[in-house]
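Chains, contacts and geometry: an overview
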Amino acid sequence: MQSKFSSVIKGLLPLFLLSNIIITTLFIIAISLYSQSEMDTKKSTPLIDITSLANKLEAPLIDALTIYGQGKVQELLELTSVFSDNFEYTLYRFSATSQSELVYSTNKPAIAAIKLNEHLVDQGILHKVLTLNDQPIGELILKQKKSPPTLTKQTSLLSAYFMACIAVITLFVLALLLNQYINNRLRKSTGLLSEELQAVTDSSNFNSTVNEQLGNGLNVIALNINFLLKKVQAALSENEKTRKELQKLQNNLEIEVQTRTLALEKETLNAQKASEAKTTFLATMSHEIRTPMNGVIGTIDLLRQTNLDGSQYRLSTIIRESAFSLLSILDDILDFSKIEAGKLNIDPIPFSVTDTIEEVVRVLSSIAKHRDLDLNLSIAPDIPINLIGDNTRVRQILYNLCSNAIKFTSTSESHKGQVNISVEVAHNTAEHFTLRFCVTDNGKGMSQAQLREIFNPFIQAESSITREYGGTGLGLSICKSLTELM
């Protein structure tokens, strides 16, 4: 089926052919006029050049200067200018003293003599020295005139410009007419198409279609628009279906989230109750066990004051140390349960850092002396004496760290065991002091793998430590938690 757009193009073919014929004719005429002007220009070129003219005038001018005199020279040059008016003439005579005397000149002012043979091509000037028996007697200067364009050349240029203007105007008018015609056809077709698209947009009815019987090639666009409308309607239907499914899934998800939230809240409440029950149980058991243990320790102290032989005294000492170890374990478990429950608080009071550290050293000095260790203390002098903090927890941390250092450090014949305790100001402001406590020893040390685990609860560096040294593995974990609290 032939479209209306192709018929419009065929109707415009004669117009395009006529335009091409007119442009070609104007171009041929312009070329012809330009060729004619070139021929006229070549005809106006002088028949003799400046060098040939100077050579032909050389002998007559020598004779005129030496035989006939100045009047003959003037007549000769005036006659020459009549036959060749494209040149200007200047003649100098050289005296016996080589001075230059102007004889004749058509230049105003006269061109100066240079007493050399020289051709200035760019200026159109030729200097010709006249010699007699190899002696310079004068100098001829020729200057070629710049002839104005001939009337034929000017006319041809004007004609070429005129024809070019006509061609441009003709093409412009034809382009306007062609553009107006095509715009009218397209405006009518596109107007109909725009109205139908506006109706579809306003009604949001993408099931409708636009008219496909449009000219100027718009029928193809209408077909594509109808195809696009079908795609949009299909996408909208699919989107609506997907939206309903998502709404259903969202409702199910909200119900599931609510169910899980209620279950989680219930489990959290049960866990809190269990933790509180555990903490209460541990506190109660610690108190109940601590009371008879204090009675055992007091009874042992009274027993040790009686008359006991050596074996009985050693046995009472073991009982006493075991009782204190049991109390220490009870304290660790109670602190750990408070930390897990979030009920361990810091009680800041004014205290002296120096007195607190010295008290720890006094308690542990006997143990260090018993293991033949050097216990060194270093306190920075710039630490204030009126700091506010929980001295009980500071003493607990230092006691734990120093006890571990003493426990795992030993002295041999080639090695003297040392434990060093130091404290210094790490950072201070007008209202806050940060202290750095360091406990170092030269004991057996630990590997990187052991260092990564020692601050976890119920973890010790070696499995044999519990059997050899005792302890619960909670000391460093409790120290870490206390440090973070402070």
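Scroll up to find the structure.
Residues numbered from 1 in each chain as written. Predicted model: local features only at pLDDT ≥ 70, side-chain atom pairs only at ≥ 80, totals over all residues. Heavy atoms only, no water.

Some points on the environment of Ala110
Following the sequence through the fold, Ala110 ends up in the loop between β2 (100-105) and β3 (118-120). Look at Ala110 and you get partly exposed, because its relative accessible area is 30%. In this view, Ala110 contacts Thr90, Tyr92, Leu102 and Ser105; residues no more than four positions away in its chain are not counted. (Helix = DSSP H or I, 4+ residues; strand = E, 2+ residues; numbered from the N terminus. Buried < 20%, exposed > 50% of the residue type's maximum accessible area, 1.4 Å probe, protein only. Contact = heavy atoms within 4.5 Å.)

Details of the side chain of Thr90
For Thr90, the position within the fold is in strand β1 (residues 87-94). According to the relative accessible area criterion, Thr90 is buried, its value standing at 0%. Of note is the side chain of Thr90, whose polar atom sits 3.2 Å from the side chain of Ser105. Thr90 has contacts with Leu102, Tyr104, Ser105, Asn107, Ala110, Ile111, Glu139, Leu140 and Ile141, leaving out every residue within four places of it along the chain. (Polar contact = N/O pair within 3.5 Å; in protein donor to acceptor, adjacent residues only side chain to side chain.)

Quick notes on the pattern of salt bridges
Two side chains with opposite charge may pair up if their charged atoms get near one another. Summed over the entire model, instances satisfying the criterion amount to 7 salt bridges. As a salt-bridge pair, Lys128 and Glu58 come within 3.8 Å of each other at their nearest N and O atoms. Of this pair, Lys128 sits in strand β4 (residues 125-132) while Glu58 sits in helix α2 (residues 50-68); the two residues are 70 residues apart in sequence, bridging distant segments of the chain. Since its relative accessible area comes to 21%, Glu58 is described here as partly exposed. In this structure, Arg436 and Glu424 form a salt bridge, with 3.2 Å as the shortest nitrogen-oxygen distance. A residue pair is termed long-range when its members are at least 10 positions apart, and Arg436 in strand β10 (residues 433-441) and Glu424 in strand β9 (residues 418-428) qualify at 12 residues. On the accessibility criterion, Arg436 (39% relative accessible area) is partly exposed. (Salt bridge = Lys/Arg side-chain N within 4 Å of Asp/Glu carboxyl O.)

Examining the sheet that holds β9
One open sheet holds the 3 strands; their spatial order is β7-β9-β10, and the pairing between them is mixed. Edge positions in the sheet fall to β7 (374-379) and β10, since each of these pairs with one other strand and no more. Within the sheet, the average angular offset between the axes of one strand and its neighbour, ignoring direction, is 15°. As judged from the 6 bridges shared by β7 and β9, these two strands associate in the parallel manner. Bridged to Asp374 within β9 is Gln418. The strands touched by helix α7 (residues 353-370) are β7, β9 and β10; relative to β7, the strand with the most contacts, the crossing angle is about 175°. (Pairing = 2+ DSSP bridges. Axes fitted to C-alpha atoms, helices over the stretch in contact; angles between N-to-C directions.)

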